[in-house]
Amino acid sequence: MEVKNKIILALDVNTMESAMKIAGKVSDYINTIKIGYPLALAEGLESITQIKEEFDCNVIADFKVADIPETNSKIADLTFNAGADAVIVHGFVGNDSVEACLESAEDHGKDVFLLTEMSHPGASRFLKGVSEDIAAMGVEMGIKNYVAPATKLDRLEKIRNIVGNDSFIISPGVGAQGGDAAKTLRFADAVIVGRSIYLAEDPENVVKSIIDGIKL
Ligand code: O7E
């Protein structure tokens, strides 16, 4: 996926009106938007279709899919049919559940991002212990797109070493969760930024300063 300026906007707002407004303010600098449960549950899968139509951008559906294979297939099919370019899938559920999403992605000509370890402190209790194994499973399955945390650079580096330099890693946790974009991009291909942009008085200015910080 070609991510302009290496920044993915996490559009975790509750209304289409504010989603459109914020995306409009940064659309000169950002071509990839992550839509997750807040917007999709509030406004429906239509939110994916509408954002894609309005901004002609990449849409990553962050549904952290984590069910049995048969249910994962249905979730992935619905997500891709709504227009998403990629869906984010949890790895801890195992290879058969992930495979179901990969098959759906292949049928639709779309992508899967495999979530390895998460950025919040609580993820250390369970996910940290299995995240390297999840990344290794992804490599065995031929997956090329991963999610790994910007808040734990040592973990991000470990996961980069496992998935290799030809894989694409997107990394959440920059800004509000304390991660730094430039440091994260030493190991990741793009950063995911939500609150620091969509809660800002001037979202465009925040995006510009992240871009400047990356270039330093
Ligand atoms: O902290 P923010 O506001 O900049 O938003 C971060 C976004 O990344 C938000 O949508 C959150 O749900 C998501 N995220 C994490 O913060 N940590 C993770 O470990 C994983 C994700 C995520 O996006 O998962 C799939 C990529």
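Up top is the structure these notes are about.
Structure report, in brief. These numbers come from a predicted model, not from an experiment. (Residues numbered from 1 in each chain as written. Predicted model: local features only at pLDDT ≥ 70, side-chain atom pairs only at ≥ 80, totals over all residues. Heavy atoms only, no water.)

Notes on the side chain of Asn58
- Following the sequence through the fold, Asn58 ends up in strand E3 (residues 58-65).
- Overall, the relative accessible area of 19% leaves Asn58 in the buried class.
- Of the polar contacts made by the side chain of Asn58, one reaches the side chain of Thr32; its length is 3.0 Å.
- Excluding its chain neighbours within four sequence positions, the residues that come into contact with Asn58 are Met1, Glu2, Asn31, Thr32, Ile33, Lys52 and Asp85. (Helix = DSSP H or I, 4+ residues; strand = E, 2+ residues; numbered from the N terminus. Buried < 20%, exposed > 50% of the residue type's maximum accessible area, 1.4 Å probe, protein only. Polar contact = N/O pair within 3.5 Å; in protein donor to acceptor, adjacent residues only side chain to side chain. Contact = heavy atoms within 4.5 Å.)

Here's the deal with the pairing of strand E4 (residues 86-90)
- Most of E4 is tucked away: five of the five residues are buried.
- Burial along E4 is two-sided: the residues Ala86, Ile88 and His90 and Val87 and Val89 are all buried.
- Note that E3 and E4 share three bridges and pair parallel. Residue pairing in the sheet places Ala61 in a bridge with Val87 of E4.
- For the segment spanning E3, helix H4 (residues 69-81) and E4, crossover handedness is right-handed.
- Sheet topology places E4 next to strand E5 (residues 111-115); five bridges connect them, and they run parallel. In the sheet register, Val89 faces E5, and the bridge partner there is Leu114.
- Crossover E4 to E5 through helix H5 (residues 95-108) is right-handed. (Pairing = 2+ DSSP bridges. Right-handed = clockwise from strand over helix to strand, strands pointing away.)

Observations concerning a negative patch on the surface
- Judged by side-chain charge, Glu70, Asp96, Glu99, Glu103, Glu106 and Asp107 come together as a negatively charged surface patch.
- Sorting elements by how many residues they give to the negative patch places H5 first, with five residues.
- Judged by its relative accessible area of 44%, Asp96 falls in the partly exposed class. (Patch = residues over 30% accessible without salt bridge, like charges linked within 9 Å, V, L, I, M, F, W, Y side chains within 5 Å. Areas by Shrake-Rupley, 256 points an atom, 1.4 Å probe, with all protein chains shown as cover. Salt bridge = Lys/Arg side-chain N within 4 Å of Asp/Glu carboxyl O. Lys, Arg positive; Asp, Glu negative; His and termini not counted. Charge placed at Lys NZ, Arg CZ, Asp CG, Glu CD.)

What to know about the pattern of salt bridges
- With the rule as written, the count across this model stands at eight salt bridges.
- One salt bridge connects Glu132 with Arg155, and the closest N-O pair in it is separated by 3.0 Å. Here Glu132, found in helix H6 (residues 128-140), pairs with Arg155, found in helix H7 (residues 153-163); they are 23 residues apart in sequence, far enough to count as distant.
- Since its relative accessible area comes to 30%, Glu132 is described here as partly exposed.

As for the nonpolar core
- Judged by nonpolar contacts, the single largest core of 61 residues is most densely connected at Ile7, Leu11, Ile51 and Ile197.
- Broken down by element, the residue count for this core peaks at five residues, all from helix H1 (residues 16-26).
- Residues in contact with Ile51, not counting those within four places in the same chain, are Leu11, Met16, Ala19, Met20, Ile33, Ile35, Asp56, Cys57 and Val59.
- Of all hydrophobic cores here, the second largest spans 13 residues; its members include Phe113, Leu115, Val147 and Phe168. (Core = buried A, V, L, I, M, F, W, Y, C linked by side-chain atoms within 4.5 Å.)

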